[in-house]
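Commentary on secondary and tertiary structure
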Amino acid sequence: MAICTVYTPHALNTHLGFHQKQHHHFLFYTRKHNNNNSRRVVNNSEISCSADADKTVVIGLAADSGCGKSTFMRRLTSVFGGAAEPPKGGNPDSNTLISDMTTVICLDDYHSLDRTGRKEKGVTALDPRANDFDLMYQQVKAIKDGVAVDKPIYNHVTGLLDPPELIKPPKILVIEGLHPMFDSRVRDLLDFSIYLDISNEVKFAWKIQRDMAERGHSLESIKASIEARKPDFDAYIDPQKQYADAVIEVLPTQLIPDDNEGKVLRVRLIMKEGVKLFNPVYLFDEGSTISWIPCGRKLTCSYPGIKFSYAPDTYFGHEVSVLEMDGQFDRLDELIYVESHLSNISTKFYGEVTQQMLKHADFPGSNNGTGLFQTIIGLKIRDLYEQIVASRAAAPLEAAKA
Amino acid sequence: MASFAISNLPFSTTRRHPKTLTPSPSRSIQLRISRPCVAAKAMAMRGGGGVAKFKGTQRRERLLTEMIEKKVLEATEVCEGNKDSDECKVAWDEVEEVSQAMADLRRRMENQDPLESFCSENPETDECRIYED
């Protein structure tokens, strides 16, 4: 719904607003009777049509774990309601996910070089030379302005660039991939950005879980694969951390000495201070330093238990607040207990975080900080979206009063 | 609309398990009649937790497995010479890409009844009618 305001040069101050569906344009003429001649003139009034209420909210997610099918995406789209599914009737190898409110596009689709091309040039997919940032910027901008685009498809199975698919502007667009914040123009289009930072030990443990059962893989091959990609990763992907509004850092636990299975995790949610419309989650009191072990008399936890901490900090020169969780949830009441003590989590009702976590109890990370913080970020994004929509709806009212 | 006797169908006619017509705990007896062309595509193979897989999915699985093996061998060869060369990095990057594709396929196949997504959109078609007695 777009609200158009007509400003007339005369002091009539008539405000004509009308609701307009996306992409319909109305030409508006008024008859202005001149005293001297009765010639019909188009009123030289300025029609400023701000289709702001139609503008898509764009979220960026930097992750090294494949595209659009990751757990984070599924949790995020679930917070908004509905399951995200690949577009029906299109390319079965499409990386796009569409639900009622959100569309998730994979930035791998903007590869300028396909697998053979990259082999020839000797660049990995992590290298910016393998990606077309101009096209990425153009298309994300177009979608943000409410124009549908034909986005290319990168087929991960064949390694080729397939014919494009049509992407219609959704209410919320999520761009997920390796380089959402690499290009400064694309970065400026993002309303909120998240970086998923997995530490090397945890990455190794997860890749072992993922690949060990596959024929062809061995411990050495998995290790070699991670190490070979590391230089490019550190050079091109890692620096994007500093631009993110929220970083989810996943580290090995400190509760179990010498644990290298990666089952129990220590997860830190690093939230930038001063981001418009985003209020960091906190424990007990904002800006204070707290260390909290919820297990005790009211709550019995099994080994290794749960430990929380919250503190202000600096991260790449920015003021941040860091909420950290080490350990895992074993029971429902632990989750509810923890939720009741967190503040600024933007839930609409008591127990919403728990409910969301239970809804996806089979997803990986549902019993530790990864699932918890991903869910909370999902709720914060919903809150951000609603605030943006509310502020846009309020703008024309201000103009009317003027 | 073609009509055909159930006895003529070469494949089992229940939606979930080849064991016919055992009442499942959640719903009463369900009978799904597959059209011959769809039935021909879905081989009732017990893979991935007893879920029937389309030939296309099996083919894809096989293709990806072969690709992983091939690419790992390639990468080990290429990197034997020089571990820091570009070719080495690109080779392992390809291994990673294909491994990820395989992991995605496995995740998608986990609890997927191939008919499920089709039927959620078109419950009135022959394949998707549910009869409850």
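The written sequence of each chain sets the order in which its residues are numbered from 1. As they are written, the chains are lettered A onward and the ligands numbered 1 onward, keeping that order. Per-residue local features are limited, in this predicted model, to residues with pLDDT of at least 70; the limit for side-chain atom pairs, both in listing and counting, is 80 or more; totals at the level of whole chains, interfaces and linings are taken over all residues. With hydrogens and water set aside, each side-chain value is computed from the structure's full complement of heavy atoms.

**Focus on the overall build of chain A**
How we decide: To qualify as a helix, a DSSP run of H or I must reach at least 4 residues; to qualify as a strand, a run of E must reach at least 2; elements of each kind are numbered from the N terminus. We call two residues in contact when some of their heavy atoms are within 4.5 Å.
Helices and strands together make up the secondary structure of chain A, namely nine helices and 17 strands. In chain A, the proportion of contacts linking residues at least 24 apart, taken out of those at least 6 apart, comes to 65%.

**What about the nonpolar core?**
All names here are of chain A. Rules: For our purposes a nonpolar core is just a set of buried Ala, Val, Leu, Ile, Met, Phe, Trp, Tyr and Cys residues, chained together by side-chain atoms within 4.5 Å. The buried label goes to any residue with under 20% of its type's maximum accessible area, the exposed label to any with over 50%, and the partly exposed label to all in between, with areas taken from a 1.4 Å probe on protein chains only.
Of all hydrophobic cores here, the largest spans 56 residues; its most connected members are Ile59, Ile248, Phe308, Leu323, Leu372 and Phe373. Among the elements that make up this core, the one with the highest residue count is helix α9 (residues 369–401) (nine residues). Non-local contacts of isoleucine 248, meaning those with residues more than four positions away in its chain, are made with Phe72, Tyr195, Leu196, Asp197, Val267, Arg268, Leu269, Phe373, Gln374 and Ile377. Judged by nonpolar contacts, the second largest core, of 29 residues, contains Ile105, Val140, Val149 and Ile167.

**Brief notes about the packing of helix α5 (residues 200–211) of chain A against helix α6 (residues 219–237) of chain A**
All names here are of chain A. Our working rule: Comment: axis = line fitted to C-alpha atoms, over the contacting stretch for helices; angle = value between 0 and 180 degrees taken between N-to-C directions. In this scheme, roughly parallel covers angles under 35 degrees and roughly antiparallel covers those over 145, while 65 to 115 is roughly perpendicular and the rest are oblique. Crossings are assigned a handedness: left-handed for a near helix turned anticlockwise from the far helix by less than a right angle, right-handed for a clockwise turn. Polar here means any residue other than Ala, Val, Leu, Ile, Met, Phe, Trp, Tyr, Cys and Pro, which are nonpolar, and Asp, Glu, Lys and Arg, which are charged; Gly is therefore polar.
At a closest axis distance of 10 Å, the pairing of α5 and α6 adopts a crossing angle of 135 degrees. For the element pair α5 / α6, the angle class is oblique. When you trace α5 past α6, the crossing you get is right-handed. Of the residues in α6, those touching α5 at Asn200, Lys203, Phe204, Lys207, Ile208 and Asp211 are Leu219, Ile222, Lys223, Ile226, Arg229, Lys230 and Phe233. Residue composition of the contact of α5 with α6, grouped by class: six nonpolar, one polar and six charged.

**Examining the packing of α5(A) against helix α3 (residues 86–110) of chain B**
One way to put it is that α5(A) packs onto α3(B) with a least axis distance of 10 Å and a crossing angle of 60 degrees. In terms of orientation, α5(A) and α3(B) fall into the oblique class. The way α5(A) lies across α3(B) gives a crossing that is left-handed. Contact with α5(A), carried on its side by Lys207(A), Arg210(A) and Asp211(A), involves Glu96(B), Ser99(B), Gln100(B) and Ala103(B) of α3(B) and no other residues of that element. In terms of residue class, the contact of α5(A) with α3(B) is made up of one nonpolar, two polar and four charged.

**Structural notes on the pattern of salt bridges**
Rule in force here: Think of a salt bridge as a Lys or Arg side-chain nitrogen and an Asp or Glu carboxyl oxygen that are within 4 Å of each other.
In this structure the tally under the stated criterion is 37 salt bridges over all chains. Of the charged contacts, one joins Arg185(A) and Asp134(A) as a salt bridge, the two residues approaching to 2.8 Å between their closest N and O atoms. You can see Arg185(A) sitting in helix α4 (residues 184–189) and its partner Asp134(A) sitting in helix α3 (residues 133–144), a full 51 residues away along the chain. You can call Arg185(A) partly exposed: its relative accessible area is 32%. For Arg229(A), the salt bridge identified is with Asp93(B), shortest N-O distance 3.0 Å. Within this pair, whereas Arg229(A) is found in helix α6, its partner Asp93(B) is found in helix α3, the two belonging to separate chains. A relative accessible area of 8% places Arg229(A) in the buried class. Taking relative accessible area as the criterion, Asp93(B) reaches 5% and is therefore assigned buried. Several salt bridges converge on common partners, so that one network encompasses Asp64(A), Lys203(A), Arg229(A) and Asp93(B).

**A look at the environment of Glu324(A)**
All names here are of chain A. Note the cut-off: Whenever two N or O atoms come within 3.5 Å, that pair is a polar contact, provided that in protein one can donate a hydrogen and the other can accept it, and provided that, for residues adjacent in sequence, both atoms are side-chain atoms.
Within the secondary structure, glutamate 324 sits in strand β16 (residues 318–327). For glutamate 324 and tyrosine 337, which are 13 residues apart along the polypeptide, the C-alpha to C-alpha distance reads 16 Å. Each residue touching glutamate 324, except ones within four places of it in the same chain, is listed here: Arg266, Val267, Arg268, Lys307, Phe308, Ser309 and Phe373. Within the structure, the side chain of glutamate 324 is placed 2.7 Å from the side chain of arginine 266, a separation counted as a polar contact.

Honestly, it's all geometry; don't read function into it.
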